[in-house]
Amino acid sequence: MKLRPFALTALAASALLAAGASFAQTKWDLPAAYPASNFHTETLTQFAADVDKASGGKLKITVHANASLFKANEIKRAVQGGQAQIGEVLLVNFENENPIYGADGLPFVASSYASAHKLAEAQKPALEKLLGTQGMKLLYTVAWPPQGIYVNKEITAVADMKGLKWRAYSPATSKIAELVGAQPVTVQAAELSQAMATGVVNSYMSSGSTGYDTKTYESIKYWYDVQAWLPKNAVIVNKKAFDALDAPTQAAVLKAAADAEIRGWKVSEEKNEFYKKALAEKGMKIMTPSPKLVADLRQVGGIMKADWIKRAGPEGEALLSAFDKSNAAKK
Ligand code: PCA
């Protein structure tokens, strides 16, 4: 039989419609707080591409870098309320909500990649439970490189930090300022360059990564490689949004997340050395802290840990003792 042109078109249209019906595409927005070139954001971009591929294009995730959609400390609430389906947060930002979020922001509890990884494992069950009660699901976490002190003068003891205008990114980094007699100002990473350029701050604690991203060397000369802690970013998803996906797409998300976690930790550790070199090349002095400065900072850390244990209660103690056990065990 010979089909007339009209019949052909109708046939093609109905075939397209049928394909469309079985191909429901979901779009997610993923707010993130760091620049597109940051290794965390690159990990996210790859994660989104992996999900796209493994789901056969059914789930499209758009990464919004550099706090362009929500400020760093607003991302968690956005995911919780469903304004964003998925997001990347800095866990320690939310320590005032629950101390469990701040376990990886305690100075000198875990200061190498190996021990930070063990701390992440010890923190995970409590974190998953806590996020679950808030209608969210943990997908993966990745550590920032070890935290050191950016400061506009040489320091040999905590007494030298008195009066500094100190940029804080979390309750714990504000607390450090209080304990050393500095003035804390909370500034998210996306606004840090400006805060330094305008003299709002002249010091802060963070990784080589953030010093590099924010061109800290243009305003501040010294970075003390204290290796005090390795805070983590976490990628979290709204549970309703996740549950609304079909099973194969859920599996694709979980697989891509597991891959992203492995990739992210590896890149973080590799880039740690790169950042230090790059900062030095830009004229920054990478300093080994004096024994006195380290001892003083450890004392500050001790106060903070004791305070955290008091606030975190039995759950916090269980977390730390699980960590201590695995950290003491031979690898
Ligand atoms: N960079 C982030 C958090 C920890 C880090 O290394 C920041 O400074 O905001």
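Because the structure is predicted, anything quoted here is derived from the model rather than measured.

Some remarks on the packing of aromatic side chains
Right, so step 1: Per the stated rule, a full pass over the model turns up ten aromatic pairs.
Right, so step 2: Judged by centre distance (6.5 Å) and plane angle (35°), the rings of Tyr222 and Tyr224 are tilted.
Right, so step 3: Residue classification places Tyr224 among the buried positions, given a relative accessible area of 2%.
Right, so step 4: In this arrangement the basic side chain of Lys76 is found over the ring face of Phe94, its NZ or CZ atom lying 5.3 Å from the centre.
Right, so step 5: Here Lys137 stacks its cationic end above the ring of Phe242, 5.3 Å away from the centre of that ring.

Section: the side chain of Thr249
Right, so step 1: Locating Thr249 in the fold gives a position in helix α9 (residues 247–281).
Right, so step 2: Filtering out sequence-adjacent residues up to four positions away, Thr249 remains in contact with Ser55, Lys58 and Leu59.

Digging into the packing of helix α2 (residues 39–54) against α9
Right, so step 1: Where α2 contacts α9, the two axes come as close as 9 Å, and the packing angle between them is 155°. For the element pair α2 / α9, the angle class is roughly antiparallel. Crossing geometry of α2 relative to α9 is assigned as right-handed. For the pair α2 and α9, contact is made by Phe39, Thr43, Gln46, Phe47, Asp50, Val51 and Ala54 and by Ala252, Val253, Ala256, Ala257, Ala260, Arg263, Gly264, Val267, Ser268, Lys271 and Tyr275, respectively.
Right, so step 2: Its residues assigned to classes, the contact of α2 with α9 comprises eleven nonpolar, four polar and three charged.

Here's the deal with the packing of helix α5 (residues 171–180) against helix α10 (residues 291–328)
Right, so step 1: At their nearest, the axes of α5 and α10 sit 11 Å apart, and the two run at 125° to each other. The pairing of α5 with α10 is recorded here as oblique in orientation. Handedness of the α5/α10 crossing: right-handed. For the pair α5 and α10, the contacting residues are Ala172, Lys175, Ile176, Leu179 and Val180 in the first and Val300, Ile303 and Met304 in the second.
Right, so step 2: Within the contact of α5 with α10, the residues separate by chemical class into seven nonpolar, no polar and one charged.

Some remarks on the site of the ligand
Right, so step 1: Around the ligand, the neighbouring residues are Leu90, Trp144, Gln147, Arg167, Tyr169, Ala189, Ser206, Ser207, Thr210 and Pro231.
Right, so step 2: Residue Ser207 places a side-chain N or O atom 2.6 Å away from an oxygen atom belonging to the ligand.
Right, so step 3: Here a nitrogen atom of the ligand and a side-chain polar atom of Thr210 are 2.6 Å apart.
Right, so step 4: Notes on the ligand: free accessible area 260 Å², of which the protein chains cover 99%.
Right, so step 5: Taken together, the residues of the shell around the ligand sort by class into five nonpolar, four polar and one charged.

Considerations on the sheet that holds strand β3 (residues 86–90)
Right, so step 1: Strand order in the open sheet made by the three strands is β3-β10-β4, with antiparallel pairing throughout. Whereas interior strands pair on both sides, the edge strands pair on one side only; in this sheet they are β3 and β4 (136–143). Going across the sheet, the axis of each strand differs from the next one's by a mean of 25°, ignoring polarity.
Right, so step 2: Sheet topology places β4 next to strand β10 (residues 232–238); seven bridges connect them, and they run antiparallel. If you follow Met136 over to β10, its bridge partner there is Asn238.
Right, so step 3: Packing of α2 onto the sheet brings it into contact with β3, β4 and β10, and relative to β4 it is tilted by some 130°.

Section: the sheet that holds strand β8 (residues 203–206)
Right, so step 1: One open sheet accounts for six strands, arranged β7-β6-β8-β5-β9-β11; its pairing is mixed. What marks the edges here is a single partner per strand, and that holds for β7 (183–186) and β11 (285–287). When the angles between neighbouring strand axes are averaged without regard to direction, this sheet yields 25°.
Right, so step 2: Packing against the sheet, α5 makes contact with β6 (165–168), β7 and β8, and its axis sits at approximately 160° to β6.

Rules behind the numbers
Residues numbered from 1 in each chain as written. Predicted model: local features only at pLDDT ≥ 70, side-chain atom pairs only at ≥ 80, totals over all residues. Heavy atoms only, no water. Phe/Tyr/Trp six-rings, centres within 6.5 Å; stacked < 30°, edge-to-face > 60°. Buried < 20%, exposed > 50% of the residue type's maximum accessible area, 1.4 Å probe, protein only. Lys NZ or Arg CZ within 6 Å of the ring centre and 35° of its normal. Helix = DSSP H or I, 4+ residues; strand = E, 2+ residues; numbered from the N terminus. Contact = heavy atoms within 4.5 Å. Axes fitted to C-alpha atoms, helices over the stretch in contact; angles between N-to-C directions. Parallel < 35°, antiparallel > 145°, perpendicular 65-115°, else oblique. Left-handed = near helix turned anticlockwise from the far one by under 90°. Nonpolar A, V, L, I, M, F, W, Y, C, P; charged D, E, K, R; others polar. Near = heavy atom within 4 Å. Polar contact = N/O pair within 3.5 Å; in protein donor to acceptor, adjacent residues only side chain to side chain. Areas by Shrake-Rupley, 256 points an atom, 1.4 Å probe, with all protein chains shown as cover. Pairing = 2+ DSSP bridges.

By themselves these figures say nothing about function.
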